[in-house]
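# Observations on the model geometry
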Amino acid sequence: MKNKLIMIIDDDLDDIDFFCEDVKKVEIDVACLSFNMPDKALDYLGNEECLKPNWIFLDINMPKINGIECLKRIKQMPHLQDVPVIIYTTCKTQNNRDQIKELGANGYLVKPDSFDGIKTELQKWMV
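Everything in this summary refers to the structure shown in the same document.

Rules behind the numbers
- Residues numbered from 1 in each chain as written.
- Predicted model: local features only at pLDDT ≥ 70, side-chain atom pairs only at ≥ 80, totals over all residues.
- Heavy atoms only, no water.
- Pairing = 2+ DSSP bridges.
- Helix = DSSP H or I, 4+ residues; strand = E, 2+ residues; numbered from the N terminus.
- Axes fitted to C-alpha atoms, helices over the stretch in contact; angles between N-to-C directions.
- Contact = heavy atoms within 4.5 Å.
- Buried < 20%, exposed > 50% of the residue type's maximum accessible area, 1.4 Å probe, protein only.
- Expected span 1.5 Å × (residues − 1).
- Arc of directions from axis to C-beta.
- Polar contact = N/O pair within 3.5 Å; in protein donor to acceptor, adjacent residues only side chain to side chain.

### Side note on the sheet that holds strand β2 (residues 30–35)
Ordered by their spatial adjacency, 5 strands build an open sheet running β2-β1-β3-β4-β5, and the pairing between neighbours is parallel. Edge positions in the sheet fall to β2 and β5 (107–110), since each has one partner strand and no second. The sheet shows a mean angle of 20 degrees between the axes of neighbouring strands, taken without regard to direction. Here 4 bridges tie strand β4 (residues 85–89) to β5, and the two strands are oriented parallel to one another. Each residue of the ladder has a partner; that of I86, found in β5, is G107. Each of β1 (4–9), β2 and β3 (55–58) touches helix α2 (residues 38–46); the most contacted strand, β1, lies at about 145 degrees to it.

In structure tokens, the structure reads:
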């Protein structure tokens, strides 16, 4: 069994695959749990008996429930207050960063263009 759990919520299945592959390269004892539908992730996280992730990486641009709304809902869950939520997105504008920080995100990670870039960024968060 893995000692740590990292969750990614992203509607892009390729991005999820790249992310989870790089998680394996960063730290051996980390499992990657992924959701490509934010409503399913929120259902999972809403259950206080779920396996609580050590980190949540969250895309902003998703259909139905965007990342900002998803972040708001996660931050309302008392049992997840100590779980860092890192925004993981292609959006580079400062306006989004300021708004997201105000909503309680612990970090903002622009999706890198390469596998090595993802690995390097993940290493910063997974310490």
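From this point, the discussion proceeds with the structure in view.
### Remarks on unusual backbone geometry
Within the chain, K64 stands out as a residue other than glycine whose phi angle is a positive 65 degrees. Judged by its relative accessible area of 79%, K64 falls in the exposed class.

### Remarks on helix α1 (residues 13–26)
Taking 1.5 Å per residue as the helical rise, α1 with its 14 residues ought to reach 20 Å, and the 20 Å between its terminal C-alpha atoms agrees with that figure. Of all the residues in α1, the buried ones are D15, I16, F19, C20, D22 and V23. In a view along the axis of α1, the buried residues occupy a sector of 165 degrees, so they form one face of it. Across from the buried face of α1, at angles greater than 90 degrees, the exposed residues are L13 and K24. By the N-cap criterion, in which a side-chain oxygen at the helix start approaches the backbone nitrogen of a residue two or three places on, α1 is capped by D12, the distance to D14 being 2.9 Å.

All quantities given are derived from atomic positions and should not be read as evidence of function.
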